[in-house]
Structure formats: C-alpha cells, structure tokens
Amino acid sequence: MQIMQIHEPGETPLPHEGDGVIAVGIDLGTTNSVVAISSDGVAEVLRNEDGSGLVPSVVAYAPDGSAFVGELARRLMLDRPDAVVSSVKRLMGRGVEDIKSLAGTLPYDVDKSGGEGSGMVRLSVAGQRLTPVEISAEILTALKERAEVHLGQKVEKAVVTVPAYFDDSARTATKDAARLAGLEVLRLVNEPTAAALAYGLDESAEGVYAVYDLGGGTFDVSILKMQKGVFQVLATGGDSALGGDDFDHAVAEHFLAERAADRGTETMTSADVKMALMSARLAKECLSRQESGQWTLDIDDQQTFHDLDRARLETLIAPLVDRTLGVCRGVLDDAGVASQDIAGVVLVGGSTRVPLVRQRVAALFGKEPLAHIDPDEVVAVGAALQAEALTVGSDTLLLDVTPLSLGIETMGGLVEKIVERNTPVPVSKGQEFTTFQDGQAAMSIHVVQGERELVDQCRSLARFELHGIPPMTAGAARIQVGFAVDADGLLTVTAREQTTGVEQTVEVKPSYGLTEDEMAAMLYDSMMHAQDDMNRRLLAEARVEAERSLSAVAAALQADADLLAAEEQEEIVETMKRLEAAGAREDRDAINAGVEDLERVTRAFAERRMDRGIRSALHGVDVREFESAAEPADGVDTDQPKT
C-alpha cells in the first residue's frame, strides 16, 4: 500500500527536490557561454524564452555598480564602450606585466596602477577596478540563475570547461570565478574532451578520434584514444591567434578595399571598423547557407554596396583554414598516429559551420566529420554529461593531459622537466636531487613551466625553500621532489629530505600565469630553437661541472695540502686558473677539456687523500677483527648459486 505524503502549507518540496545533487555543465566561452543539465544520460541545453541557448559573454555595468550579462550588454557595446567588457576570458590568469604591451589594442582599459602585490590585472570599467575573475563570476552567475529558473531549485555544483591550453593559473582563476558565483567546481574538463563526451564516443567502437575546435578567437585540436570507457588525450595543440574573427577581418578588409577604390581613402574610427566587421561577419554566416549576396557599408552616412559569393569568400579565408590543417598535422605527429588511423573527427566551435572548413577537414582525415550536434553547444553538453557522472556515477574515465611541461630549476639556470607535456592527468611523478655545496642545510625549489632548456626562457610558477637538511658533503643529501597534477590540471609540489623526513609542500596557485598565446608561442619557440637551446644547455652543464670540480679541489687543498710537493700544488693551482678562465668563455669543449686536465693533475692527490682516510679509519683497529669477519659462518656455502 502506498503512503500519501501530506505537507504543511508553504512546505511543499520543489519539483526536483530529493532527486539527488543537481550539477550543471558550463561552457564558459570567450564569445558565448552555455549551460546544460543531464538526466539519465540525456543532456539538455537550457534556453531563454526565445529558444537560444547562447549567453553572450559580455558584461555591462550600471552607474550604481550593478552588472547585467548577455544580449542586452552586447547591445550597449557601441553606445557605452567604457561600461562594457567582452572577451574577458583572454585575461584569465594574466598579470599586469603580461599585458602592458597589449593594453592599447584590448577592447577595455587596463588599470596600470593596480595589481601590485597579487600581480592580478585589473580593468577600469564604469569607474570600478575589476579583475577578470570578478567579471567572469558575473557571467557564471547569469548561467547559474538560468539553470535555477529552469530547474526550480538552487544550483551549487558544476563542471566547467576550459581550453586545453589553459595553464595552471588560468585554471585556478576559473575555479575562483566559480566560487565567487556560488558554484563548487566538481571538475575542470578540457573542452575537446567534453566535446568527445557529448558525441558519446565511449559507446562506439574503440579507436582514436580527433577533435577540431575552431571558435571565434582560438583554434585547438586534440587527439583522443577511446578504449573501454577511458578517454585518453594523446596530444593537443593549437593556434590561439586564429579563429572566426580572422575570417571576419579578411572579408572586412576586402569590403574596405572595394570602398576605397570607389570613394578614395577615408579616415576610419573604431566604430567604423566595428561596423565593417559586423557586415563581414553577417556575410560569412549568410554564405555558409547560400551561394552569393550583397552587403552594405554605411560609414559617415555614405553607403557602399558589396557583392560577394562563396567562391570569393573561400579564396579570402583559404590561407587561414590551411593554417589550422598545419596544426592538425603537427598534433598527429605528436600523437604518433596517421590521418588514416583516425576513426572519427568531431567539430567544435561556430566557425566550423563554414563549408570550406568542413571540406578541408574531411580531405585531411579522409572521412566526413561528425557535426550533428550544434558546435556552439557541444562542449556544454559534454560538461553536463560529466556533471551527471560525477554526481550519479559513470563507467567513463577521463584522462586529460598537461599542456606544457613542468619542472624545477637546477644549477646553472637549467630546467629539469619532471612532468612532460601531453602527460595524462591526474599524475604524480618524482625525481631525486642533491646538494651542491658541503654543509648545505637548505634548498630553494623553483617551479617552472615551459618547453625551453633554460629557466629564463620558461615561466616561473612558484618558489619555496626546504630547510632542515642535515649538513653533509656535497652530493650526499637525497632530496625527493614530487609533482602531483590533479584531474583539474592543478599542481602541488613536495620536497622531502629522505634521511630526516623533513618535508615542505606548496600548492602552486599563482594569481596570474600564461596566456594561450604565450603557451602556443613557447611550443613554437621550443621547436624553432631546439638546437640553440640544447647547445646553451650543454654549455651551462659544462660550467656547473667545472664549478663543482673547482670547489671540490679547493676544499681538498685547504684540508690536505701537506700531501703535495710545492711543484705539484703549483701545477694544480695553475690548472684551476685555466679552468676558471675557460668557464668565462662560450667554448664548451674548452671547459670540458679543462675539467679533464684538472682531474688528471689531481688524480695522485686524490689517491693520497684516500690512503690517509683509510689509515685514519683503521687507526687502533686489530686486523684480526677483519679476518674473523671474513670467515664464513658454519654451514654457509660460499659458492655462488648455479644458474
């Protein structure tokens, strides 16, 4: 018999109350953002009353400091540019110093007086000084409110997607923005992986898939391996200075060139350029559905009319599309797979609607790409499915990768990589290091990120010190440095002295970090300058070895110079001077030769010191003790075991 539940007036539960934890999936985009919910493995994008699932990632601020997000804010961009912020995702994890060179070209004013201490960039908006984290929190709050209206209950948990190229600090900034919006981030998921989830690739035949993500401002491609419900990212790459906006610029320049040929050169204001770009974008979108059309430029109340067909559009944008294909080939090489090995290609991002893009992608991979899910919404759909998996349960395992290598600084300004780029996360790796000087009681740990060989060419993430190392001779201490990267791509570093157990741990949480541009540039530089980097590294290593040898010989001379004849000591000192002079030059071979010379002239000295040390250790010890210790115990067979 069923029991009827009766509630007091005003205490009736909300429709979804008791159904379990509600968690949404959020695609926090540069141009548009999307929120979705999943139930029983079926994801739904939450839409407004007009049926649109897209929320423009634009925030406008009223004079009283209140904020509003979305289409209304976008409409104010031309009328009140000083009170509106767009594309703030580009500044997530960035500091004042990072963007000083860009401040004149950004669509907002950077407050150059702020940011000291934390280093976080701040923007001057409607009389306020705001961080990208605070502005992004407004967008996330709007998405959260849309979900709460749709579900009829509070939403406090979410899976949020980030670009595969987001570094540690940008990921941290994203989580901080969610926290400000009242959301607990269950997991940060890389956008290509979320797209793969949306297509349910884990349910299809096992194999290797490519995710081609061409948005408004950036391009990413990832190669994923699907095997028994495990999503493993094999390699990722991209071009963070390439996207649909560049298509718009190419068309706008074509229109303006035609206008100049007809009316002569004109002085263009920023509003005029924005008008040309809006017309170009409209032409691009229309020509994705039709073969030709005519568009108008209305500048200074003077109209010009411009005919454009799809063939001409494709000629204008073909070089840009070809750049994306070059990146694809490079990522295939990184993953160690050929294009014919790809089982399927997933399209992500609104710019993949352009017919030429789909044609070129199909030609590269030899198969038609998967595009039956709206490319603007596919990432949020995947995030919603992962949100349900984390709250209800799932057999699917996501293995994203680190976008750049992580390591520490060693002597000579060198980088010792501990976690290589494209390593699946979560991951925990360690490596043992030692001291450089006799009696060294502390060690400075400098954590860096990047692909170059020298510290000054990589990005500093954190510094901390390990104290309490027992004073030993150089090279005797054993310091285990461990790197742990969690599923969100966030880093924790631990240093432990093995003898005493003294340990120091730091959660790497810088207030700003690498941009996608910097990360792509670092990878490019590492390939272009690989030979130069290696030569500089070898030179630095030679100098470190020379310094170590000089330090060891100097200490030996101070302790046991009486073992040397005057002429022997003079020869050693002269050899040391020659090695010091070689170390100041750029000739690695000369430095190595100097080290070998020093080892040669000190060999006899080292043997005499060893003899003295043995005699000192045996002083007062009866040799018969060693003879008895060497005799085998009764019943013990001293023969080696037979094999």
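Look up a bit, the structure's there.
Residues numbered from 1 in each chain as written. Predicted model: local features only at pLDDT ≥ 70, side-chain atom pairs only at ≥ 80, totals over all residues. Heavy atoms only, no water.

Between its first and last C-alpha, helix α14 (residues 588-601) extends 20 Å over 14 residues, near the 20 Å set by a 1.5 Å rise per residue. Within α14, the full set of buried residues consists of I591, G594, V595, L598 and V601. Buried residues along α14 cover an arc of 135 degrees about the axis, so they all sit on one side. Facing away from the buried side of α14 by more than 90 degrees, the exposed set consists of D589 and E596. In this structure D587 caps α14, since a side-chain oxygen of it lies 3.1 Å from the backbone nitrogen of D589. (Helix = DSSP H or I, 4+ residues; strand = E, 2+ residues; numbered from the N terminus. Expected span 1.5 Å × (residues − 1). Buried < 20%, exposed > 50% of the residue type's maximum accessible area, 1.4 Å probe, protein only. Arc of directions from axis to C-beta. Polar contact = N/O pair within 3.5 Å; in protein donor to acceptor, adjacent residues only side chain to side chain.)

Quick look at the nonpolar core now. Generally speaking, a soluble globular protein has its nonpolar side chains buried in company with each other. Core analysis: the largest hydrophobic core is formed by 43 residues, its most contacted members being Y212, I223, I342 and F365. Elements with a minimum of two residues in this core: β13 (207-214), β14 (219-227), α6 (244-263), α7 (270-286), β16 (292-299), α8 (310-335), β18 (342-348) and α9 (355-365). The element contributing the most residues to this core is α8, with 12 residues. For this core, the two domains that each supply at least three residues are domain 1 (31-242 + 320-399) and domain 2 (244-318). Residues within four places of Y212 in sequence aside, it is in contact with F219, D220, T324, C328, V345, V346, L347, V348, T352, V357 and V361. (Core = buried A, V, L, I, M, F, W, Y, C linked by side-chain atoms within 4.5 Å. Domains from an automatic or database assignment. Contact = heavy atoms within 4.5 Å.)

The phi dihedral of D40 is positive, around 55 degrees, even though this residue is not glycine. Note that D40 resides in the loop between β2 (32-39) and β3 (42-45).

Tallying each qualifying case throughout the model produces 20 salt bridges. Notably, a salt bridge pairs K284 with D248, separated by 3.0 Å at the nearest N-O pair. With a gap of 36 residues between them, K284 in helix α7 and D248 in helix α6 connect regions that are remote in the sequence. K284 sits in the buried class, given a relative accessible area of 10%. When its relative accessible area of 6% is taken as the criterion, D248 is described as buried. Its salt-bridge partner being R609, residue D560 comes within 2.7 Å of it at the nearest N-O pair. (Salt bridge = Lys/Arg side-chain N within 4 Å of Asp/Glu carboxyl O.)

Before going further, it helps to examine the packing of helix α5 (residues 191-198) against helix α10 (residues 378-392). The geometry of α5 relative to α10 is characterised by a closest axis approach of 7 Å and an angle of 80 degrees between their N-to-C directions. Classified by the angle between their axes, α5 and α10 sit roughly perpendicular to one another. Between α5 and α10, the contacting residues are E191, A194, A195, L197 and A198 on the first element and V378, V379, V381, G382, A383, L385 and Q386 on the second. (Axes fitted to C-alpha atoms, helices over the stretch in contact; angles between N-to-C directions. Parallel < 35°, antiparallel > 145°, perpendicular 65-115°, else oblique.)

This part takes up the sheet that holds strand β24 (residues 442-449). Taken together, 4 strands build an open sheet; the order of strands is β21-β20-β24-β25 and the sheet is antiparallel. Lying at the two open borders of the sheet, with one neighbouring strand each, are β21 (414-419) and β25 (459-467). Shown here is a sheet whose adjacent strand axes are inclined to one another by a mean of 30 degrees, direction ignored. As defined by bridge partners, strand β20 (residues 406-410) adjoins β21 across 5 bridges and the pair is classed as antiparallel. Of the residues in β21, the one forming a bridge with I408 is E416. (Pairing = 2+ DSSP bridges.)

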